[in-house]
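Here is how the chains run, residue by residue.
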Amino acid sequence: MTTDALTDSAPVTRPTDDDAVVRRAYRWRKIRRRLLVHLAQALVLVVVIGGWQLLASTKHLDPTLFGKPSGVVSRLHTWIRDGTSIGSLGDQVKVTLEEALYGFLIGTALGIVCGVALGRVRFLADVFGPFIKVLNSIPRIVLGSVFVLMFGLGLESKVILVVVLVFFGVFFNAFQGTREVDRNFLANAAILGASKWQITRHVVLPSAFTWIVASLHVAFGFALIGAIVGEFIGAQQGLGQLIKYAQGTFDANGVWAAMVIMALVALIAEWLITRLERRLLRWRPAQLNHPDL
Amino acid sequence: MSNHPAIELRDISKSFTTPRGGRYQALRNLSLTVDQGEFCAVVGPTGCGKSTTLTLVSGLERPTTGGVFIDGQPVRGIGRDIAFMFQTDAIFPWKTVIDNVLAGPKFRHAPMAQARADAHGWLQRVGLTGFEDRYPHQLSGGMRKRVALAQSLINSPRILLMDEPFSALDVQTRAIMSNELLGLWDLTKPAVIFVTHDLEEAIALADKVVVMTAGPAATVKATFPIDLPRPRVVQEIRFDAHFVDLYRNIWEALRSEVDAAYAQTAPKQEAA
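Caption draft 1: View of the overall build of chain B. Each helix and strand in chain B was counted, giving nine helices and ten strands. Relative to a compact globule of 272 residues, whose C-alpha radius of gyration would be 19 Å, chain B shows 19 Å and is just as compact. Residue burial in chain B is summarised as follows: out of 272 residues, 40% are buried. Of the contacts formed within chain B by residues at least 6 apart in sequence, a portion of 71% connects residues at least 24 apart.

Caption draft 2: Here's a closer look at the packing of helix 2 (residues 97-107) of chain B against helix 4 (residues 141-153) of chain B. All names here are of chain B. At a minimum axis separation of 7 Å, helix 2 and helix 4 run at an interaxial angle of 30°. Considering the angle they form, helix 2 stands roughly parallel to helix 4. The crossing of helix 2 and helix 4 is right-handed. Here Val97, Asn100, Val101, Ala103 and Gly104 of helix 2 come into contact with helix 4, specifically with Val147, Ala150 and Gln151. Broken down by class, the residue content of the contact of helix 2 with helix 4 amounts to five nonpolar, three polar and no charged.

Caption draft 3: How the structure looks around the nonpolar core. Within the largest apolar cluster, 128 residues are counted, with the highest numbers of intra-cluster contacts made by A:Ala223 and B:Ile193. Take this core: its biggest share by element is 15 residues, from helix 10 (residues 196-233) of chain A. Filtering out sequence-adjacent residues up to four positions away, B:Ile193 remains in contact with B:Ile7, B:Val34, B:Cys40, B:Val42, B:Leu54, B:Val57 and B:Leu161.

Caption draft 4: Region of interest: the interface of chain B and chain A. In this complex, chain B contributes 20 residues to the contact, which on the side of chain A involves 15 residues. Of all the secondary structure elements, the ones that give two or more residues to the side of chain B that touches chain A are strand 6 (82-85) and helix 2 of chain B. Its residues placed into classes, the side of chain B that touches chain A shows 13 nonpolar, five polar and two charged.

Caption draft 5: Looking closely at the sheet that holds strand 5 (residues 73-74) of chain B. Residues and elements named next belong to chain B. Reading across the sheet, the four strands line up as 2-1-4-5 and stay open at both edges, with antiparallel pairing between neighbours. Single-partner strands in this sheet number two, and they are strand 2 (23-34) and strand 5. As paired elements, strand 1 (residues 7-17) and strand 4 (residues 65-70) share five bridges and run antiparallel to each other. Within strand 4, the position partnered with Glu8 by the bridge is Phe69.

Caption draft 6: Just helix 8 (residues 155-179) of chain A, in detail. Residues and elements named next belong to chain A. In this model helix 8 runs 36 Å from its N-terminal to its C-terminal C-alpha over 25 residues, within 8% of the 36 Å that 1.5 Å per residue would give. At Phe167, helix 8 is bent by approximately 30°, the largest bend along its length. Counted residue by residue, helix 8 has 20 buried out of 25 residues, so it is predominantly covered.

Caption draft 7: Summary view of the environment of B:Asp99. Here B:Asp99 shows up in helix 2. C-alpha separation for the pair B:Asp99 and B:Gln151, spaced 52 residues apart in sequence, amounts to 9.2 Å.

Caption draft 8: Fine view of the packing of helix 4 (residues 69-82) of chain A against helix 12 (residues 252-280) of chain A. All names here are of chain A. Contact pair helix 4 / helix 12: the axes reach a minimum separation of 8 Å and the direction vectors enclose 70°. In terms of orientation, helix 4 lies roughly perpendicular with respect to helix 12. Counted together, Gly71, Val72, Arg75, Leu76 and Trp79 of helix 4 and Asn253, Gly254, Trp256, Ala257 and Val260 of helix 12 form the full contact between these two elements.

Caption draft 9: Just unusual backbone geometry, in detail. A cis geometry characterises the amide bond from B:Arg230 onward to B:Pro231, with omega recorded as -5°. Take B:Pro231: it is sitting in the loop between strand 10 (220-225) and helix 7 (234-237). For A:Phe250, which is not glycine, the phi dihedral falls at a positive 50°. The class for A:Phe250 is exposed, based on 10 C-beta atoms found within 10 Å.

Caption draft 10: Quick look at the confidence of the model for chain B. Residues and elements named next belong to chain B. With 97% of its residues at a pLDDT of 70 or more, chain B has an overall mean of 89. Per-residue pLDDT, averaged within each element of chain B, yields its smallest value for helix 9 (residues 267-271) (50) and its largest for helix 2 (95). In the model output, the complex is listed with pTM 0.81 alongside ipTM 0.88.

Caption draft 11: Region of interest: the sheet that holds strand 8 (residues 191-196) of chain B. Residues and elements named next belong to chain B. Strand order in this open sheet of six strands is 6-7-8-3-9-10, and the pairing throughout is mixed. Looking at which strands have only one partner, the edges of the open sheet turn out to be strand 6 and strand 10. Averaged over all neighbouring strand pairs, the angle between strand axes comes to 15°, with direction disregarded. One ladder, built from five bridges, connects strand 3 (residues 39-43) with strand 8; its direction is parallel. Looking across to strand 8, one finds that Ala41 is bridged to Phe194.

Caption draft 12: Spotlight on the confidence of the model for chain A. Residues and elements named next belong to chain A. Taken residue by residue, chain A gives an average pLDDT of 87. The fraction at 70 or more is 92%. Helix 5 (residues 89-120) holds the highest mean pLDDT among the elements of chain A, 94, whereas helix 1 (residues 2-12) holds the lowest, 45. Under a pLDDT of 50 for its full length, residues 289-293 has, in the predicted model, two contacts with residues more than four places off or in other chains.

Calculation notes
- Residues numbered from 1 in each chain as written.
- Chains lettered and ligands numbered in written order.
- Predicted model: local features only at pLDDT ≥ 70, side-chain atom pairs only at ≥ 80, totals over all residues.
- Helix = DSSP H or I, 4+ residues; strand = E, 2+ residues; numbered from the N terminus.
- Rg over C-alpha atoms; globule rule 2.2 N^0.38 Å.
- Buried ≥ 20, exposed ≤ 12 C-beta atoms within 10 Å, placed from the backbone.
- Contact = placed C-beta atoms within 7 Å.
- Axes fitted to C-alpha atoms, helices over the stretch in contact; angles between N-to-C directions.
- Parallel < 35°, antiparallel > 145°, perpendicular 65-115°, else oblique.
- Left-handed = near helix turned anticlockwise from the far one by under 90°.
- Nonpolar A, V, L, I, M, F, W, Y, C, P; charged D, E, K, R; others polar.
- Core = buried A, V, L, I, M, F, W, Y, C linked by C-beta atoms within 7 Å.
- Pairing = 2+ DSSP bridges.
- Expected span 1.5 Å × (residues − 1).
- Bend = angle between axes of the 7 residues up to and from the residue.
- pLDDT = per-residue confidence, 0-100.

In structure tokens form, the structure reads like this:
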């Protein structure tokens, strides 16, 4: 017994084995922690969705008004299999995504260009500053009605609404980012012989991108909102129209099902933007990047 | 090379408008000459307008009155023959080491193949071969200063302006960098204005040391030629008997200005 204990304990004191033990313990702690988090998350889902299902099945919640999870799942299933009341599900997703994406791209580009221009040129900022503040204070969702009247029920009115929603967030971040560029970088570039345009291209833009990229997360959220609301106000196709139709026919499950689809789209977009962020800002030290949430 | 001094400041004054609308005179009746290939160190208490003087020579700012001349020509805007090393890191954190060094040639539309070869040469001279693709945040403070040196020197400046470039470094790294600076300066011999608050560094590096008065309305108090032989070893020259004499002389001139500057920043303690 004692000899066993001795021979057993002897190799453990060797540093390499000791390291391995410490590393294994560390890895195990990490895995356990992650398991615990996932378990808790699963529990939250079960409680919320299970509770909802239970309350709806026992008629404590009226399933025609509140829907119920199993109904949502079967509605999604029929949509995927048979298509929706206004056309195939894929078409609706595609229409909404198109509106959101075009608007997002145009709005972001405009926001960056205007933000950097006003940030760089004092005169422009002084002239346009008050106008932009006034426009920003308008609840822009209302403009959706105007755009539907002006541009009809098709793609254009939604894209323009999305552009208007996306623009301001990106604009203000680009403007602020341009203003906050370290003066030393500007002076250094000027001394090294950079023209105004080269300073904008090589110093201002990369520096401001930290701010701009941060606004893209919020901006894409706004893009989806803009597309959906635009379809609410007047459209023939799209997820917003699908929700409106479901609401009109007291189909609570349909509303929830459309929301599940939107959540998936938003998650995928968020993931893509985070990838883009990593790519654009890889020059920054790792600890300055936000933790994943 | 022309017969004119490389840099001449003729009776310049510089005032700023303060945020409250008042005027702050940073420099008054300052005259200073730096010959071709001369290494001039400027020392003075904090806030005496040393950095302002550099921005005037670089063309980043203009004097309120008086003239700034480079090679006898009045300065209008930022000159092509000038390099500037800043106190804080001013290399671009979003560019790799090699792209930072190439920034000058790129901005100046130089042929890039030649520039690339030059950049590798300068990186080798500052001891950063193998670090071409790193980003600045992956380098130590001393290495970032080396990148800044290479970035400045690749443009083969005739004039090198340095604003306390090594003040953020630890003492040992600083001595090493000073030595390397002297070696690199010897290669191309630009005229240098090296601003510092460290008298020892100033004497060890320079051909002449200019002492400035305390601000506001600072000007040149005295100029001391430094006749220590070159090449110098920065870490060891301070033990030289002549170095000590020079230090004592210049410190004599500098001390009252340092006291005056201190009295301005801490009047209460002074009264107590």
